Amino acid sequence: MRALITTTFQKEATIETHPTTALLPLLDEEELAALAQDISENGLLQPIALDPQGRILDGRGRLTACERVGVHPTFFTYEQDNADAYVLSVNLRRRNLTKGQTAMITVKARSFEEQDGRSPREQTARSLGEQLGVATAVMGRASIVLQHAPDLVDPVIHGAMGLNEAYAAAKENKAKANSAEVQLAKLREEDPELASRVAEGQLSLAGAWAERRERVEEDKRQRRVATQLLCETLPSLAQVRGTRTFALYDPDLASPGRAVTREVIEHAASALAEAAAVWVERDLP
């Protein structure tokens, strides 16, 4: 429903802009000067569109041009509830924007809709890419940029960077993020304590893996020492079983600090029992 309203002159700064409209690049000075001259000579031929809240849906440039040449603007209120689709449709078809800019604007507008939880009817902007002749693959690249390189969204929209360049950076960011997620998941399996410190911001992921490697190396060292000690001790002890070695033991000939006493024998027997239990638990031969 279009209700045409002639109103007294209002400066653009006094009228709020609809969030989706604000995504669109402003006219450059050359375009604005040409528009102002045309309005001065022919009047405002296309009224400025407002939503029911009085926000500009379409016509920011026309309003500024009217201000420059002293022409009283006319407005109409767009009453339907698909304001986002209207903004994108009328602007993206008319403006001289690249496919990348069109895709990026559409995708960003879609994200606004989803964040605001608007009704399905208002979310018809989802299909605008196809309506505007933008390939699904291009829309997909714009979505990747929005998700993984949000700082590059506005440069693409304003033409400072091409979509393909931004997409390459976004893919790299995505790969890094996926790699970090995989590494954190692996760390969580191997060392939950270190993973928790990373999650709490106490330790970087790289620092955690460096500490993990140190722990692994220390564990290997300890296992190597333990293995060598047992290999040197137990086979020798097993060899004296059934011989006269125990009967020939002479405490006067023992090395200082190495004497075999009943206490040492009890500890040795306890150690052998522990070893036997561990071998059963680990199913070692």
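Residues numbered from 1 in each chain as written. Predicted model: local features only at pLDDT ≥ 70, side-chain atom pairs only at ≥ 80, totals over all residues. Heavy atoms only, no water.

A.B. asks: Which residues make up the pairing of strand 4 (residues 74-78), and what values do they have?
C.D. replies: With five of five residues buried, strand 4 lies mostly within the body of the structure. The alternating pattern of strand 4 places Thr74, Phe76 and Tyr78 on one face and Phe75 and Thr77 on the opposite face, and all of these are buried. For strand 2 (residues 48-50) and strand 4, the ladder comprises three bridges, and the chain directions are parallel. Looking at strand 4, one finds that Ala49 is bridged to Phe76. (Buried < 20%, exposed > 50% of the residue type's maximum accessible area, 1.4 Å probe, protein only. Helix = DSSP H or I, 4+ residues; strand = E, 2+ residues; numbered from the N terminus. Pairing = 2+ DSSP bridges.)

A.B. asks: Report on a nonpolar patch on the surface, specifying residues and quantitative values.
C.D. replies: Together, Tyr249, Val260, Val264 and Ile265 give the surface a local cluster of nonpolar side chains, amounting to about 330 Å² of exposed area. Along the chain, the position of Tyr249 falls in the loop between helix 11 (205-239) and helix 12 (262-281). Take Tyr249: its relative accessible area is 35%, and that puts it in the partly exposed class. (Patch = residues over 30% accessible without salt bridge, like charges linked within 9 Å, V, L, I, M, F, W, Y side chains within 5 Å. Areas by Shrake-Rupley, 256 points an atom, 1.4 Å probe, with all protein chains shown as cover. Salt bridge = Lys/Arg side-chain N within 4 Å of Asp/Glu carboxyl O.)

A.B. asks: Would you mind going over the pattern of salt bridges in detail, with residue names and values included?
C.D. replies: A complete count under the given rule lists 15 salt bridges for this structure. Between Glu193 and Arg215 there is a salt bridge whose closest N-O contact spans 3.0 Å. Of the two residues, Glu193 is situated in helix 10 (residues 192-199) and Arg215 in helix 11; the sequence distance between them amounts to 22 residues. On the basis of relative accessible area, Glu193 is assigned to the partly exposed category, the value being 39%. Here Arg215 falls in the partly exposed class, since its relative accessible area comes to 32%. Sharing partners across several salt bridges, the network here consists of Glu190, Asp191, Glu193, Arg197, Glu211, Arg212 and Arg215.

A.B. asks: Report on the packing of helix 10 against helix 11, specifying residues and quantitative values.
C.D. replies: Between helix 10 and helix 11, whose axes approach to 9 Å, the crossing angle comes to 165 degrees. Taken together, the axes of helix 10 and helix 11 lie roughly antiparallel to each other. The element helix 10 and its partner helix 11 pack so that their crossing is right-handed. Contact residues: helix 10 offers Glu193, Leu194, Arg197 and Val198, while helix 11 offers Leu205, Ala208, Glu211, Arg212 and Arg215. Within the contact of helix 10 with helix 11, the residues separate by chemical class into four nonpolar, no polar and five charged. (Axes fitted to C-alpha atoms, helices over the stretch in contact; angles between N-to-C directions. Parallel < 35°, antiparallel > 145°, perpendicular 65-115°, else oblique. Left-handed = near helix turned anticlockwise from the far one by under 90°. Contact = heavy atoms within 4.5 Å. Nonpolar A, V, L, I, M, F, W, Y, C, P; charged D, E, K, R; others polar.)

A.B. asks: Explain the environment of Phe76 to me, using residue names and the numbers behind them.
C.D. replies: On the secondary structure map, Phe76 appears in strand 4. In the structure, Phe76 is positioned 27 residues away from Ala49 in sequence and 5.2 Å away in space, judged by C-alpha atoms.

A.B. asks: Now, about the nonpolar core: what can you tell me, with residues and values included?
C.D. replies: Counting 32 residues, the largest nonpolar core has Leu57, Met104, Ile105, Val145 and Leu163 as its most contacted members. For this core, the secondary-structure elements that each account for two or more residues are strand 4, helix 4 (83-94), helix 5 (99-116), helix 7 (136-148), helix 8 (153-157) and helix 9 (163-190). If we ignore the near neighbours within four places in the chain, the residues touching Leu163 are Gly100, Met104, Val138, Arg141, Ala142, Val145 and Val156. Within the second largest apolar cluster, 12 residues are counted, among which are Ile48, Ile56, Leu63 and Cys66. (Core = buried A, V, L, I, M, F, W, Y, C linked by side-chain atoms within 4.5 Å.)

A.B. asks: Now, about helix 2 (residues 29-42): what can you tell me, with residues and values included?
C.D. replies: Over its 14 residues, helix 2 runs 20 Å from end to end, which matches the ideal 20 Å to within 8%, given 1.5 Å per residue. Among all positions in helix 2, only Leu32, Ala36 and Ile39 are buried. Buried residues in helix 2, looked at end-on, bunch into an arc of 65 degrees, giving them a common side. Turned more than 90 degrees off the buried face of helix 2, the exposed positions are Glu30 and Glu41. Of the surrounding secondary structure, the elements contacted by the buried residues of helix 2 are helix 3 (60-69). Sitting at the head of helix 2, Asp28 places a side-chain oxygen 3.2 Å from the backbone nitrogen of Glu30. (Expected span 1.5 Å × (residues − 1). Arc of directions from axis to C-beta. Polar contact = N/O pair within 3.5 Å; in protein donor to acceptor, adjacent residues only side chain to side chain.)

A.B. asks: Report on the packing of helix 2 against helix 3, specifying residues and quantitative values.
C.D. replies: In the contact formed by helix 2 and helix 3, the axes pass within 8 Å of each other and the chain directions differ by 65 degrees. You can see that helix 2 and helix 3 cross each other, and the crossing is right-handed. Judged by residue contacts, Glu29, Leu32, Ala33, Leu35, Ala36, Ile39 and Ser40 of helix 2 engage Gly61, Arg62, Thr64, Ala65, Cys66, Arg68 and Val69 from helix 3. For the contact of helix 2 with helix 3, the residue count by class is eight nonpolar, three polar and three charged.

What is shown is where atoms sit, not what they do.
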